[in-house]
Amino acid sequence: MDIVQRFYDGLAGEYDSLFADWQASTREQAAVLDRLFRGNGFDRSSRILDCACGIGTQAIGLAALGYDVTGSDISEAELLEAGKRAGQNGVPLRLERADFRSLEACFAEQFDIVIAMDNALPHMLTAEDLSAAVRSMVSRLRPGGLFVASIRDYDSLLLTKPPYSPPYIHPTEKGQRVSFQTWTWSGDSYRLIQYLIDDADRLHVSRYACEYRAVRRSELTDLLIAYGCTDPLWRFPDATGYYQPIVTAKKKE
């Protein structure tokens, strides 16, 4: 089990604590993606593969809008959590365990849209792994299908290499919840430690470690073109309402 799988297996039961209101976030993020899909000529009859679905933050919201959504992830614990939450929301959601570097090993079919949100691709710590992931994702798109991913704004972050992310502070019924990350850099890679602090009846602190590589937008753009996509376009939070830059590209017909 690698560090990414351990990170998400451990975090699965608390992942929703990263949000002020996870349920509201599923609706808000689905609305952003729905606008993006429609702007690229796709409607709610589209078949979507969310290949880094986690606990279903995007997949469940999109399924609630009527999209036919399949979710996959490397973390078994997150898939179990996603299945539970899909049931609680009364939405159909097919879930499969898959490494997004080799999606074709799990999925023979192709999809109208493939998404990988929430900074999933920078878990690829080498250029070779990132290349394999992009190739695999594009391979699961039908001709003319849409690739969608979000990553942190590493072009800006690499200028200063900050040692931490600003904390999020959310009020709770019995106190407050604080989440923040520390980042220890080594070249263009960094070790992240996620802290969750809840000061309800008793103080509770959780700590989860993972690793990322700062992927520049040009690197991802070049890979999309190399694997048969056209017109890669980056959109930023002030235009989309999403908290990270989003790239879209279409697979050649």
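Further up the page is the structure itself.
Read on for an overview of the structure. As the structure is a computational prediction, the values presented were derived from the model and not from experiment. (Residues numbered from 1 in each chain as written. Predicted model: local features only at pLDDT ≥ 70, side-chain atom pairs only at ≥ 80, totals over all residues. Heavy atoms only, no water.)

1. Some points on the overall build of the chain
So, step 1. A tally of regular secondary structure across the chain gives eight helices and 11 strands.
So, step 2. Relative to the globule expectation of 18 Å for 253 residues, the C-alpha radius of gyration of the chain, 18 Å, shows essentially globular dimensions.
So, step 3. The proportion of buried residues among the 253 residues of the chain is 53%.
So, step 4. Residue pairs at least 24 apart in sequence account for 64% of intrachain contacts in the chain once pairs closer than 6 positions are excluded.
So, step 5. Roughly 11,200 Å² of accessible area belongs to the chain as shown, and the carbon and sulfur atoms make up 51% of that amount.
So, step 6. Taking the 28 positively charged and 35 negatively charged side chains of the chain as two groups, their mean positions are separated by 2 Å. (Helix = DSSP H or I, 4+ residues; strand = E, 2+ residues; numbered from the N terminus. Rg over C-alpha atoms; globule rule 2.2 N^0.38 Å. Buried < 20%, exposed > 50% of the residue type's maximum accessible area, 1.4 Å probe, protein only. Contact = heavy atoms within 4.5 Å. Areas by Shrake-Rupley, 256 points an atom, 1.4 Å probe, with all protein chains shown as cover. Lys, Arg positive; Asp, Glu negative; His and termini not counted. Charge placed at Lys NZ, Arg CZ, Asp CG, Glu CD.)

2. Brief notes about the environment of I60
So, step 1. Structurally, the position occupied by I60 is in helix 3 (residues 57–64).
So, step 2. Take I60: its relative accessible area is 2%, and that puts it in the buried class.
So, step 3. Placed 30 residues apart in sequence, I60 and A30 show a C-alpha to C-alpha distance of 8.3 Å.
So, step 4. With sequence-adjacent residues up to four places away left out, I60 is seen in contact with W22, I55, A82, R85, A86, N89, V91 and L93.

3. A closer look at unusual backbone geometry
So, step 1. The phi dihedral of D118 falls on the positive side, at around 60 degrees, and the residue is not glycine.
So, step 2. The topology assignment puts D118 in the loop between strand 4 (111–116) and helix 5 (127–139).

4. With respect to the side chain of S136
So, step 1. Residue placement: S136 occurs in helix 5.
So, step 2. Beyond its immediate chain neighbours, meaning those up to four positions away, S136 contacts F100, R101, S102, L103 and E104.

These figures come from the coordinates and say nothing about function on their own.
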